[in-house]
4 protein chains.
Amino acid sequence: MINVSIVGASGYGGGELLRLLLGHPQAAVKQATSRSHLGEYLYQVHPNLRKRTQLKFCDPAQLEPVDVLFLALPHGEAQKKIAGFAGLAGKIIDLSADFRLKDMALYEKWYGAPHAAPEWPARFVYGLPELHRAEMAGASYISGVGCNATASNLALLPLVKAGLIDPVSPVIVEIKVGSSESGAEGNAGSHHAERANVIRTFSAFGHRHTAEVIQEMGLSHVSLTMTAVDLVRGVLATAHAQVKPGVTTKDLWKAYRAAASENPFIRVVKEQRGIYRAPEPKVLAGSNYADIGFELDESSGHVVSLCAIDNLMKGAAGSAVQCLNLVMGWDEMTGLDFPGLHPL
Amino acid sequence: MINVSIVGASGYGGGELLRLLLGHPQAAVKQATSRSHLGEYLYQVHPNLRKRTQLKFCDPAQLEPVDVLFLALPHGEAQKKIAGFAGLAGKIIDLSADFRLKDMALYEKWYGAPHAAPEWPARFVYGLPELHRAEMAGASYISGVGCNATASNLALLPLVKAGLIDPVSPVIVEIKVGSSESGAEGNAGSHHAERANVIRTFSAFGHRHTAEVIQEMGLSHVSLTMTAVDLVRGVLATAHAQVKPGVTTKDLWKAYRAAASENPFIRVVKEQRGIYRAPEPKVLAGSNYADIGFELDESSGHVVSLCAIDNLMKGAAGSAVQCLNLVMGWDEMTGLDFPGLHPL
Amino acid sequence: MINVSIVGASGYGGGELLRLLLGHPQAAVKQATSRSHLGEYLYQVHPNLRKRTQLKFCDPAQLEPVDVLFLALPHGEAQKKIAGFAGLAGKIIDLSADFRLKDMALYEKWYGAPHAAPEWPARFVYGLPELHRAEMAGASYISGVGCNATASNLALLPLVKAGLIDPVSPVIVEIKVGSSESGAEGNAGSHHAERANVIRTFSAFGHRHTAEVIQEMGLSHVSLTMTAVDLVRGVLATAHAQVKPGVTTKDLWKAYRAAASENPFIRVVKEQRGIYRAPEPKVLAGSNYADIGFELDESSGHVVSLCAIDNLMKGAAGSAVQCLNLVMGWDEMTGLDFPGLHPL
Amino acid sequence: MINVSIVGASGYGGGELLRLLLGHPQAAVKQATSRSHLGEYLYQVHPNLRKRTQLKFCDPAQLEPVDVLFLALPHGEAQKKIAGFAGLAGKIIDLSADFRLKDMALYEKWYGAPHAAPEWPARFVYGLPELHRAEMAGASYISGVGCNATASNLALLPLVKAGLIDPVSPVIVEIKVGSSESGAEGNAGSHHAERANVIRTFSAFGHRHTAEVIQEMGLSHVSLTMTAVDLVRGVLATAHAQVKPGVTTKDLWKAYRAAASENPFIRVVKEQRGIYRAPEPKVLAGSNYADIGFELDESSGHVVSLCAIDNLMKGAAGSAVQCLNLVMGWDEMTGLDFPGLHPL
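Residues numbered from 1 in each chain as written. Chains lettered and ligands numbered in written order. Predicted model: local features only at pLDDT ≥ 70, side-chain atom pairs only at ≥ 80, totals over all residues. Heavy atoms only, no water.

Engineer: Any details on the nonpolar core? Residues and values, ideally.
Structural biologist: Core analysis: the largest hydrophobic core is formed by 100 residues, its most contacted members being L17(A), L21(A), F70(A), L17(D), L21(D) and F70(D). In this structure, I2(B), F57(B), V327(B) and L95(C) belong to the second largest nonpolar core, which totals 99 residues. (Core = buried A, V, L, I, M, F, W, Y, C linked by side-chain atoms within 4.5 Å. Buried < 20%, exposed > 50% of the residue type's maximum accessible area, 1.4 Å probe, protein only.)

Structure representation (structure tokens):
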């Protein structure tokens, strides 16, 4: 049993961490901080936690030493305070974008400003177990993952790992997202009357998570096009790529099945009947699974690869807890056994 | 052809007024004011108006004299400036709560503060044509109506007018509402991720629109219980009352049919087959109809009376334009012919 | 560790039972039947179960003896086959309406036909632990509960148990429900384009679950008015009743807190700040909690009591598994620890 | 004033035609047929038409001669009966897929069977005024348009017409659609509990509307990927193409503005501020507008072109009425002036 604390626990990523860690058989939640909800019960902000904990949000200045510290701060804040946090815990698992990118030039290009602690990102393992499982055992620092990057990377992983796609052809990833992705802070466009019923392509190019796909997949010609739809939780990435000449559907099946057999949270969804024939975030709310699937047009070599996740789970807090398990040497699925709901 | 201007046109009520008046064959929209969107094209805020008008929002200080002035300000503002507005136009149609209540004690009880211009409300006709049509011909000042009050009043109108309900028994009106009802200004609870998927009883007692039901229906024992659901436009009032001994379903049919035949925008919906057997706001978005219906438990005398409206139309801008038509002596339905959509 | 099987496992109640029992530490799922999906993998119908089980739906005729048999058949079927099922398992937990009502006259009145096995209902404990916990220890037969009846009964329980409401005044329960309540079989009105965006009062009086409120609460003047809203999972019951003279808010607080302290799955939600001030099904999807709350108009004695549940959990499969735990003498919360999601 | 009748008027396309034609100042609706709803009032199926018409659905065998006959039958039926329909009216406007494709080999490839009346398609003008306006004046036969084809064709029109895109590079159109697109007949996957909250890529390749993009845009390497989202009305096409070397954002602005100035129902939406910066179907429900926009990555030449429409309006009934206006020599916008709603 270890002690953990969560910094920035009133946001959606922090709330999901709380849910998972309060239910984790090997972890005890010691403190949870929030400046905006200081002194409130956790369950007043996260109503699902009522009767599960009597903890109140405390001030970050009151943080005490702990085994593992989780950071769920707005992007840009953790990098300013990382040295202080490192003094409180030997192991840090971050959820923000601050320590994901290893090349500081790439960071500056996509985030528009120099990194405040450029020596730190290299100390962090990129926080997607499906890509860096081996490096996680015993690691001290784990970065967050972008939810859209995760859906994209897991859609492309089987193709890239098996060397099936043409590295020169551009890869177009069309991403559809729910409203929780933009966080707990509202804005004019997130007002329900404006945000309901949308199909809103809010970014054709240039989403920051693109940098994580470039870094992790080693692809240079990749674009993410972002469309908001009427859903709270969930991301679907539909990636369009070109396979190398001669690649067949059978080759793809092999690659996708390998991904599922090597990773407990990856499932292949490719059915000929029924309602749920392809990956869909609808069935993943609250679960840490990443469902992947594909279709190949053999005549043209155009492959469509799909990945569905819950952006707050596999795309944020779920992967973070999975990383905790790997760092500590526990079973990878500990505390992450909720399978999602049908129907929802 | 008359000139009209709209004060406070960037909100939802104001936007709906703009849509209706820009399409009205007898009215020309001269000015539309908004402090927060000063200088922007109307269509930048109300995207449905693109290619329909090149008007920009102007400052209220720049308002010019006009035949009819529509006020769509936040509650409390119009009463402070009414004398000035009256200097600009011989006829004023307000959408706010400022001039609805005639008894200043009732106003103060429900709005928590004395009225800033207590001599004015009595000059205004309460703006629901179904209740005050005769007084509207040639009137100078017309008040707004509360959307929930309108759904309640029209649910109760056939019963009250025909003297069918027991005036002593309490009347309980259960009201379900969409998110546009709370206006264009967001708050923490209107953030999509928090507001989607709700069944949220946000007011068990004490909603301010209750006062309009007390005033217009002459009922003293009436309560409105408000529940927000996942919808943008629409109100359904489900009113529970006790009929007088001996009142039958046939009596009710007669009263409801009379309401529909006397009022072009009232329809009775009470079918034995099909999907749409009772009033539903789903089919009313953008329309000025009020659909009413009922069920009577003859054994107990418990009647359930229903009224569905679009809160921004019959519950606000649609009734206001209907009032304009009556004030000017035009056909009551002018410019209000959109029938709603199926499906939506 | 016991063996369990589920009859009628392709519906929504059966699917939720499968999710819970596959994750239950003390139960092993042996068989799951479905005539319409015979031979299919469970996960082809319930996509959340992919990678959790390799079981296929089998024919009910192939059922083998088991410790506990769960029945999730359409209403009316279990009563015809109950003797056969009783030959397969010493303990049966049913989800249908077939064994809920104890008075066969009441059954016939509300279900419109005589019961096919009138000697059986009396052998079943009504399946709501909050009402019949003591009788469940070691019991052989447990009935299902109506989801709307459960929301109504738990809204009324604190008031009735403490004797706070006037038994003569009519009790009006306004119930708002999601679409999963009507089951996995579609109909014209459940087609998404017709069912989305609804506020549809589909039953003013006469919903069959009323009989369970009459039986369990001992109330005679009670009506349930049913309104469908745009949500998949969830029920909110808003009950209107009259308290006895002199009953205060403080009395109510005491009664509601007692209900929460006596029942691990009952929580009182009554906050003065924040977004989630009253019970809401939005935060309960997948959870077995029943959130209750109230408002009292002390001047009139009109009390509004609220209860929110997930209709497939506390209103069906969750209560059934809670009953299993009580029947077996296990901790009541075993396998029911999922707290729901925020946001969703 | 002309007489029109509608064959197959109980579906969604037929219902929308009814709404438009009942409100059209130059057309009188004489008959509306439906086999499944024979003898019912139109408003029992299309509840928005209550109090607008007392017509009942009649049998197609009872059709009388008329000036213009609208056909809204399921695909495949009109081609079998076209000779008979042609005997009833000199002008026919069809909504189905039966007469859209001119090359019978292309038809057979995409529809999987030979055409039943192969001499007829050539007599029909393809029913999108933005592509065939000149041919429509006085024409006798007008075909329907696929809603997804229309969104795709109008997204690509400015690029193709101005010769800005590389004709060799593949064009990938990602299309997101609401549930009304699949028609009024439900299926297992359209059941609300299964269809709500989806992001469901149901067709990666091979959607039949692709053939209309090939035919009308003259593109050979084009694919349509279809994703269903939680919305009733609306289509958004996000088209990815490669511009020719040297093409700039300025060139694109010119091409898009030209499309808007030549076509009354096309609008360019490309704003730097506000909530509605790009085309969105949310604001188009009930309107005949097609909103288009674009983003160009000048470094790579990758252009993203967007088109939003209401699938039942510009994608079906709205375009059909626009064609009627052009065929009859009336103002193109007659009866199509509803601008959509904000918010919705």
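On we go.
Engineer: Residue-level account of the domain arrangement of chain A, with values.
Structural biologist: Residue and element names in this part refer to chain A. Each assigned domain of chain A is listed with its residue range as follows: domain 1 (2-124) and domain 2 (147-309). Every contact between the two is made by eleven residues of domain 1 and, on the other side, 14 residues of domain 2. Between domain 1 and domain 2, roughly 1,100 Å² of surface is buried when both sides are summed, and carbon and sulfur atoms account for 57% of that area. Broken down residue by residue, the surface that domain 1 buries against domain 2 is led by Y12, W110 and Y111, which jointly contribute 51%. One can count two salt bridges joining domain 1 with domain 2. Ionic pairing is found between R233 and E16, a salt bridge with its closest N-O pair at 2.7 Å. At the junction of domain 1 with domain 2, the criterion picks out six residue pairs in polar contact (both at pLDDT 80 or more). Mapped onto the side of domain 1 that touches domain 2, the elements with two or more residues apiece are α1 (12-22) and α4 (104-111). In the side of domain 1 that touches domain 2, the residues fall into five nonpolar, one polar and five charged. (Domains from an automatic or database assignment. Contact = heavy atoms within 4.5 Å. Buried area = accessible area lost by both parts, 1.4 Å probe. Salt bridge = Lys/Arg side-chain N within 4 Å of Asp/Glu carboxyl O. Polar contact = N/O pair within 3.5 Å; in protein donor to acceptor, adjacent residues only side chain to side chain. Helix = DSSP H or I, 4+ residues; strand = E, 2+ residues; numbered from the N terminus. Nonpolar A, V, L, I, M, F, W, Y, C, P; charged D, E, K, R; others polar.)

Engineer: Would you mind going over the interface of chain C and chain A in detail, with residue names and values included?
Structural biologist: With 42 residues of chain C in contact, the opposing surface of chain A contributes 41 residues. A buried area of about 3,700 Å², summed over both sides, lies between chain C and chain A, and 54% of it is on carbon and sulfur atoms. Across the contact surface, chain C and chain A share four salt bridges. For the pair chain C and chain A, the number of links is 32 residue pairs in polar contact (both at pLDDT 80 or more). Counting only elements with at least two residues in the side of chain C that touches chain A, the list comes to α1 (12-22), α2 (42-45) and β10 (266-268) of chain C. Residues of the side of chain C that touches chain A, tallied by class, amount to 22 nonpolar, nine polar and eleven charged.

Engineer: Just give me the short version of the side chain of E212(D), but keep the residues and values in it.
Structural biologist: Residues and elements named next belong to chain D. Examined against the element boundaries, E212 turns out to sit in helix α8 (residues 210-217). Its relative accessible area of 1% is what places E212 among the buried residues. Only 2.5 Å separates the side chain of E212 from the side chain of Y126, close enough to count as a polar contact. Setting aside chain neighbours within four positions, we find E212 in contact with R100, L101, Y111, Y126, V145, G146, A149, N153 and M217.

Engineer: Report on the environment of S305(B), specifying residues and quantitative values.
Structural biologist: Residues and elements named next belong to chain B. Mapped onto the secondary structure, S305 falls in strand β12 (residues 302-309). Residue S305 is classed as buried on the basis of its relative accessible area, which comes to 1%. Along the primary structure S305 and V235 are separated by 70 residues, whereas in three dimensions their C-alpha atoms are 14 Å apart. With near-sequence residues (within four places) excluded, S305 lies in contact with A155, L159, A237, T238, A239, Y256, G293 and F294. For S305, the side chain forms a polar contact with the main-chain oxygen of A155, separated by 2.6 Å.

Engineer: Tell me about the environment of I142(D), and name the residues and values.
Structural biologist: Residue and element names in this part refer to chain D. Position of I142 among the secondary structure elements: in strand β5 (residues 141-142). Residue classification places I142 among the buried positions, given a relative accessible area of 1%. Between the C-alpha atom of I142 and that of L128, which follows or precedes it by 14 residues, the distance is 9.0 Å. Those residues in contact with I142, other than ones at most four positions away along the chain, are I92, I93, D94, F124, V125, G127, M136, C323 and V327.

Engineer: Lay out the sheet that holds strand β8 (residues 222-229) of chain A in plain terms, naming residues and giving numbers.
Structural biologist: All names here are of chain A. Spatial ordering of the open sheet is given by β7-β8-β6-β9-β12-β11-β10, a layout of seven strands whose pairing is mixed. Of all the strands in the sheet, just β7 (199-203) and β10 (266-268) have a single pairing partner and so form its edges. Strand-to-strand twist of the sheet, defined as the mean angle between neighbouring strand axes without regard to direction, takes the value 25°. The pairing of strand β6 (residues 171-177) with strand β9 (residues 235-242) spans six bridges and is classified as antiparallel. Residue pairing in the sheet places K176 in a bridge with L236 of β9. (Pairing = 2+ DSSP bridges. Axes fitted to C-alpha atoms, helices over the stretch in contact; angles between N-to-C directions.)

Engineer: Kindly report on the relation of the copies chain C and chain A, identifying the contributing residues and their values.
Structural biologist: Related by rotation about an axis and a shift along that axis, the two copies of the chain form a pair. Each copy of the sequence occupies a distinct position, and chain C is placed on chain A by a rotation of 180° and an axial shift of 0.0 Å, giving an RMSD of 0.0 Å. Expressed as a symmetry operation, the mapping of one chain copy onto the other fits a two-fold axis. Nearest to the rotation axis, the C-alpha of F338(C) is located 3.8 Å from it, this being the minimum over chain C. Comparing interface residues between copies, 98% of those in chain C also sit at the interface in chain A, which points to an isologous, same-surface contact. (Least-squares fit on C-alpha atoms with pLDDT ≥ 70 in both.)

Engineer: Outline the relation of the copies chain A and chain D, supporting the account with residue identities and numerical values.
Structural biologist: Least-squares fitting of chain A to chain D yields an RMSD of 0.0 Å, with the superposition described by an axial translation of 0.0 Å and a rotation of 180°. When the interface residues of chain A are mapped onto chain D, 98% of them again lie at the interface, so the same face is used by both copies.

Engineer: Lay out the confidence of the model for chain A with the relevant residues and their values.
Structural biologist: Looking at chain A as a whole, its pLDDT mean stands at 97, while 100% of the residues score no less than 70. On the interface metric, ipTM, the complex scores 0.97, and its pTM is 0.98. (pLDDT = per-residue confidence, 0-100.)

Engineer: With reference to specific residues and values, describe the packing of helix α6 (residues 147-161) of chain C against helix α9 (residues 249-262) of chain C.
Structural biologist: All names here are of chain C. Running from N to C, α6 and α9 point in directions that differ by 115°, and their axes come no closer than 9 Å. The crossing of α6 and α9 is right-handed. When α6 is examined against α9, the residues A155, P158, L159 and K161 are found in contact with a partner set consisting of L252, A255, Y256, A259 and E262. The residue inventory of the contact of α6 with α9, partitioned by class, reads seven nonpolar, no polar and two charged. (Left-handed = near helix turned anticlockwise from the far one by under 90°.)

Engineer: Tell me what's going on with the pattern of salt bridges, and back it up with residues and numbers.
Structural biologist: As enumerated under the stated definition, the model contains 60 salt bridges over all chains in all. Note that K176(B) and E174(C) form a salt bridge whose closest N and O atoms lie 2.8 Å from each other. On the criterion of chain membership, the pair formed by K176(B) in strand β6 (residues 171-177) and E174(C) in strand β6 (residues 171-177) is interchain, its members lying in two chains. Owing to a relative accessible area of 0%, K176(B) belongs among the buried residues under this scheme. Take E174(C): its relative accessible area is 0%, and that puts it in the buried class. When the shortest N-O distance is used, the salt bridge between E77(D) and K81(D) registers 3.6 Å. Residue classification places E77(D) among the partly exposed positions, given a relative accessible area of 27%. On the basis of relative accessible area, K81(D) is assigned to the partly exposed category, the value being 32%.

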